[in-house]
Amino acid sequence: MTKLYGEQRRQILLEKLKTSSEPLTGGELAHFAGVSRQVIVSDMTLLKARNEPIIATSQGYLYMRERGTETISRRIACRHQPEDTERELKILVAAGVTVKDVSVEHPVYGELTAGIHVSNAAEVEAFMQRVRETGASYLLELTDGTHLHTITAPNVAMLQGAIAAMREHGFLLEDNE
């Protein structure tokens, strides 16, 4: 594709995101638009500033369109070591929930939140592969393993099942600890 410029490029990228059922990486979008990945990062920032519901996940950029089915969400407090992250995520998605994000309370910056957006074992594996490839640290390393997850599900029973599974595996941070 020939190089796209400015506002025209952002509108075409926005349409591409809206019509994609899969996350699109910055590299894929850069190749499509004939620009660098850094230009794509800037474009996504500008689109988000216009209140476009674009999120950056470990698998790429997603346009968060309205879904036909309502989901409910809950934040859960968790604690574990970094090496248990993959097991934790697999427990949650096996219970049928989506892990939307992770948050920690930083003493200087306040609450730090990062999107995860995994709903199945394949997405967990892709997330973990990205962590391994980049050598990135987990947010929980800033707080000795304590963190929050926002989880979503189509019904309360699935949320409760996920919470019970986290408790059973010792990952749920309980009031009595």
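Scroll up a little and you will see the structure.
Description of the structure in this document. (Residues numbered from 1 in each chain as written. Predicted model: local features only at pLDDT ≥ 70, side-chain atom pairs only at ≥ 80, totals over all residues. Heavy atoms only, no water.)

What follows deals with the pattern of salt bridges. In the structure shown here, the tally under the stated rule is 9 salt bridges. Close ionic contact of Arg 10 with Glu 7 constitutes a salt bridge, the shortest N to O distance being 3.5 Å. Residue Arg 10 and its partner Glu 7 are located together in helix α1 (residues 6–19), separated by 3 residues, close to a single helical turn. Take Arg 10: its relative accessible area is 12%, and that puts it in the buried class. With relative accessibility at 35%, the residue Glu 7 sits in the partly exposed group. Of the charged contacts in the structure, one is a salt bridge between Glu 7 and Arg 50, with a shortest N-O distance of 2.7 Å. With Glu 7 in helix α1 and Arg 50 in the loop between α3 (37–49) and β1 (54–57), the pair connects residues that are 43 residues apart, well separated along the chain. A network of salt bridges, in which partner residues are shared, links Glu 7, Arg 9, Arg 10, Asp 43 and Arg 50. (Salt bridge = Lys/Arg side-chain N within 4 Å of Asp/Glu carboxyl O. Helix = DSSP H or I, 4+ residues; strand = E, 2+ residues; numbered from the N terminus. Buried < 20%, exposed > 50% of the residue type's maximum accessible area, 1.4 Å probe, protein only.)

For the rest of this paragraph, the subject is the side chain of His 106. Its location among the elements puts His 106 in strand β4 (residues 98–106). Looking at His 106, the relative accessible area reads 17%, which means it is buried. Within the structure, the side chain of His 106 is placed 3.1 Å from the backbone nitrogen of Tyr 109, a separation counted as a polar contact. Setting aside chain neighbours within four positions, we find His 106 in contact with Leu 112 and Leu 142. (Polar contact = N/O pair within 3.5 Å; in protein donor to acceptor, adjacent residues only side chain to side chain. Contact = heavy atoms within 4.5 Å.)

Nothing here speaks to function; it is all geometry.
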